[in-house]
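Structural overview
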Amino acid sequence: MSSFFRLAVVSACCSCLLAAAGTSRGQERETASAPPEPLSCVHAPDGRVTVRGAAMGTVFTVRAYPGHGMDAAQTEKACMESLACAVRWEKVMSAMDAGSGLARLNAAENGVSVPVSPELEKALLLALDYARLTKGAFDPTLGPCIRLWKKSRRHGVLPSSGELERALRASGWEKLSVGKGAAVKTVPGMRVDLGGMGKGFAVDRMAEILRKRGIRSFFIDSTSDVMAGAPPPGERGWRLLVDEGNGKNTVLLLSHAAVSTSGSARQMAKIGGAEYSHVLDPRTGLGMTEDRQVSVQAPSAALADALATAGNVMREEDFRSLAARLPGVSVPAFFRSPSRFAEGTQEQDGAQMPR
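These figures come from a predicted structure and were not determined experimentally.

1. Structural notes on the overall build of the protein
- The helix and strand inventory of the protein stands at nine helices and 15 strands.
- Counting across all 355 residues of the protein, residues that qualify as buried make up 54%.
- Partitioning the intrachain contacts of the protein with sequence separation of at least 6 by distance along the chain shows that 67% fall at a separation of at least 24.
- Accessible area for the protein stands at about 15,500 Å²; split by element, carbon and sulfur atoms hold 52% of it.

Following this line, the structure appears as structure tokens:
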């Protein structure tokens, strides 16, 4: 790694740490892990800088053009800061990291008021807003069902009725209370999981960093969630290829908007002769049995992410009606294709084609 790259990583990490709010009694500040080694950094002849790094189990790509008065080195540094914040928010929202605030909340007894950092509180409140908006089709409290379903997929055996009943009793967004720097689980066994909007939420925070550093024209891609800033110089937007199903694609010209794609079109599980999606149905605690893929455009990546998840659960007419009522929200693709289920395939939600 070049000396500048090392300086950029350190600066990015420090910047994210300084952005955190202070601690309160009984509450630990969420700390950031060291940013990962960048997978690549490319400077194009037209001034665009492209930096790639790993976080949240995927690869984030940040493409950016220099802002007013900025040079390539400053643009690269801003991109590195953006990637570092993805790592930081992974730490805040991870249910798997025993040292995270979310893990501490999940480990606490029900009825106990658990102090949470301002950052985690922000993510939890937004998740509950989206659960309320979708009437529970997006539900951040499905941790017990997710844990049970992962076990079922590993062993190829459906959960027992008793196991499902217990997991569903421990789930339900209305049973989680958040506010004034604390969270309370009102039922035993509840586990919060922010995976349904986590990457989108992180992408929004990454975009905030770029804007604060003076960059207006950028494109952030986390494979299934993308966010576009102002168009590239001389263009009307960033080109994004969206899978419409049946071998058809549409190209969006994206600016100041996000797109998220979710579905089972390339991932499934066969259990007991039936086919199940990796997207859980909050009503049953099992994977959806209808193969769907949904792409949503929205003003924020977190909203697009949550809505794309909900779109796999809701009736199509209800989902489209909801999307039509939300400012800046549209549904570029919504399709079903049972023939796309194929054993052993890997999930690659959507197909991105940034300029």
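2. Regarding the sheet that holds strand β15 (residues 330-336)
- The strand order across the open sheet formed by eight strands is β1-β2-β3-β7-β8-β11-β14-β15, and the pairing between neighbours is antiparallel. Of all the strands in the sheet, just β1 (40-43) and β15 have a single pairing partner and so form its edges. Adjacent strand axes in the sheet meet at a mean angle of 10° when their direction is disregarded.
- Relative to strand β8 (residues 225-228), strand β7 (residues 218-221) runs antiparallel, the two sharing three bridges. Each bridged residue has a counterpart across the sheet, and for F219 the counterpart in β8 is A228.
- In the packing of helix α7 (residues 198-212) onto the sheet, contacts are made with β3 (58-64), β7 and β8, and the angle to β8 comes to roughly 25°.

3. Comments concerning the pattern of salt bridges
- Here the structure, examined in full by the defined rule, presents 13 salt bridges.
- We note a salt bridge from R283 to D281, for which the minimum N-O separation is 2.8 Å.

4. So, the environment of I220
- Here I220 lies in strand β7.
- Its relative accessible area of 0% is what places I220 among the buried residues.
- Residues I220 and A207, spaced 13 residues apart in sequence, show a C-alpha to C-alpha distance of 7.5 Å.
- With near-sequence residues (within four places) excluded, I220 lies in contact with T61, V62, S82, V203, M206, A207, L210, D225, V226 and M227.

5. Section: the packing of helix α4 (residues 118-133) against α7
- Relative to each other, α4 and α7 sit at 125°, their axes nearing to 12 Å. When the axis of α4 is compared with that of α7, the two are oblique. Where α4 crosses over α7, the two elements pack in a sense that is right-handed. Taking contact as the criterion, the partners of K122, A123 and L126 in α4 are, on α7, F201, R205 and E208.
- In the contact of α4 with α7, the residues fall into three nonpolar, no polar and three charged.

6. A short note on the sheet that holds strand β6 (residues 182-185)
- Across the sheet, which stays open at both edges, the three strands sit in the order β4-β6-β5 with antiparallel pairing between neighbours. The sheet is open, and its two borders are formed by β4 (114-115) and β5 (176-179), each paired with just one other strand.
- Relative to β6, β4 runs antiparallel, the two sharing two bridges. By the bridge assignment for β6, P115 is matched with A182.

The rules we used
Residues numbered from 1 in each chain as written. Predicted model: local features only at pLDDT ≥ 70, side-chain atom pairs only at ≥ 80, totals over all residues. Heavy atoms only, no water. Helix = DSSP H or I, 4+ residues; strand = E, 2+ residues; numbered from the N terminus. Buried < 20%, exposed > 50% of the residue type's maximum accessible area, 1.4 Å probe, protein only. Contact = heavy atoms within 4.5 Å. Areas by Shrake-Rupley, 256 points an atom, 1.4 Å probe, with all protein chains shown as cover. Pairing = 2+ DSSP bridges. Axes fitted to C-alpha atoms, helices over the stretch in contact; angles between N-to-C directions. Salt bridge = Lys/Arg side-chain N within 4 Å of Asp/Glu carboxyl O. Parallel < 35°, antiparallel > 145°, perpendicular 65-115°, else oblique. Left-handed = near helix turned anticlockwise from the far one by under 90°. Nonpolar A, V, L, I, M, F, W, Y, C, P; charged D, E, K, R; others polar.

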